[in-house]
Amino acid sequence: MPAVTVENPLTLPRVTAPTNAVPRPVLAVTTAPSGFEGEGFPVRRAFAGINYKYLDPFIMMDQMGEVEYAPGEPKGTPWHPHRGFETVTYIIDGTFIHQDSNGGGGTITNGDTQWMTAGSGLLHIEAPPEALVASGGLFHGLQLWVNLPAKDKMKDPRYQDIRGGQVRLLSTVDGGALLRVIAGELDGHEGPGITHTPITMVHATVRPGAEVTLPWREDFNGLAYVLAGRGTVGTDRRPVHKGQTAVFGTGSSLTVRADEKQDAHTPDLEVVLLGGSPLREPMAHYGPFVMNTKAELQQAFEDFQKGRLGTIPAVHGMSEGGL
């Protein structure tokens, strides 16, 4: 972990916060509870217990795995609907196959991201390929839900297939961290993901003992989720470890530091940094639908029940796997 890397980060463009940046304080550190999703794959609920005003425009995020499956164990999700938001599935290790009733889909593996804008609604499925089911193997990823503003909730669905090689790679000045910009912008460097809601999503690998201070848009919120390893967040070095989320307050930079000692399985601190422009709109969320009012939520369920969100293809084309 992870698949997308470089041997010498100092060959990459470097990022540093300006000297007059205002450090963001750490407001809270929460620990993600564990659970199961879909047909039974293990997840950590990264945002559980965090007040939505600090998450907006993000709704939820699950860390899928990290799990080493035995043969026959890999699992996915059945066909299910979505409306009113975007799902971002980032595969760090392993393989997942996606297909939706709008014609989007593909295989994502080892650093790839699928960005699905559900918009007015569709059905989709995510499953491990048959080869992985047969052999077992490592599986690790994230799924993030990003809210859509009211004006965009009923837009046509869209699917983006972002290959790991398209991710914008950056480094800190001393080469102590590798930064993968998946979406949005960091210090003028843009990631490949196209978003309706302005956000930044960065996967950072921080070497033991290294400290990262990044410029961060003042109009964005700030979150850091630890995928693996241990370290500290903020200038006051608040301890964090795998499965914890740090919530940052206002300011123009955020700081993450890796502990000098990591465990043998996780040589570096792996952290996902998220920021977005809050929508500050009413939210009605139940199950697979995220709308603005209860009436819109009820309409979404009615439309799904009447088949208006699409139909499952008779032959859904998942020759590499399926459920």
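Look above for the structure.
Described below are features of the structure shown in this document.

What counts, and where the lines are drawn
- Residues numbered from 1 in each chain as written.
- Predicted model: local features only at pLDDT ≥ 70, side-chain atom pairs only at ≥ 80, totals over all residues.
- Heavy atoms only, no water.
- Phe/Tyr/Trp six-rings, centres within 6.5 Å; stacked < 30°, edge-to-face > 60°.
- Helix = DSSP H or I, 4+ residues; strand = E, 2+ residues; numbered from the N terminus.
- Pairing = 2+ DSSP bridges.
- Axes fitted to C-alpha atoms, helices over the stretch in contact; angles between N-to-C directions.
- Core = buried A, V, L, I, M, F, W, Y, C linked by side-chain atoms within 4.5 Å.
- Buried < 20%, exposed > 50% of the residue type's maximum accessible area, 1.4 Å probe, protein only.
- Contact = heavy atoms within 4.5 Å.

## Considerations on the packing of aromatic side chains
So, step 1. This model, assessed by the stated rule, comprises six aromatic pairs.
So, step 2. Ring geometry for F289 and F301: centres 4.8 Å apart, planes at 85°, overall edge-to-face. A residue pair is termed long-range when its members are at least 10 positions apart, and F289 in strand β27 (residues 289-291) and F301 in helix α3 (residues 294-305) qualify at twelve residues.
So, step 3. One aromatic cluster in this structure is built from Y286, F289, F301 and F304.

## Considering the sheet that holds strand β21 (residues 230-233)
So, step 1. With antiparallel pairing, the four strands of this open sheet are ordered in space as β19-β24-β21-β22. The open sheet has two edge strands with one neighbour each: β19 (211-215) and β22 (238-241). On average, adjacent strands in this sheet sit at an angle of 25° to one another, irrespective of strand direction.
So, step 2. As paired strands, β21 and strand β24 (residues 253-258) are joined by three bridges and run antiparallel to one another. The residue bridging G231 from the neighbouring strand is A258, located in β24.

## Here's the deal with the nonpolar core
So, step 1. Core analysis: the biggest nonpolar cluster contains 30 residues, and F47, F58, M61, L144, M201 and L274 have the highest contact counts within it.
So, step 2. Sorting the residues of this core by element identifies β5 (58-69), β7 (85-93), β12 (137-147), β15 (177-183), β18 (199-206), β20 (222-228) and β25 (269-276) as the ones contributing at least two each.
So, step 3. Ignoring anything within four residues of it in the chain, the contact list for L144 reads F47, F58, M60, M61, E86, T87, V88, M201 and L274.
So, step 4. Counting 27 residues, the second-largest nonpolar core is a separate cluster that includes L179, V202, V233 and L273.

## Topic: the environment of T195
So, step 1. With respect to the helices and strands, T195 occurs in the loop between β17 (189-190) and β18.
So, step 2. Measuring from C-alpha to C-alpha, the distance between T195 and G184 comes to 7.7 Å, with eleven residues separating the pair along the chain.

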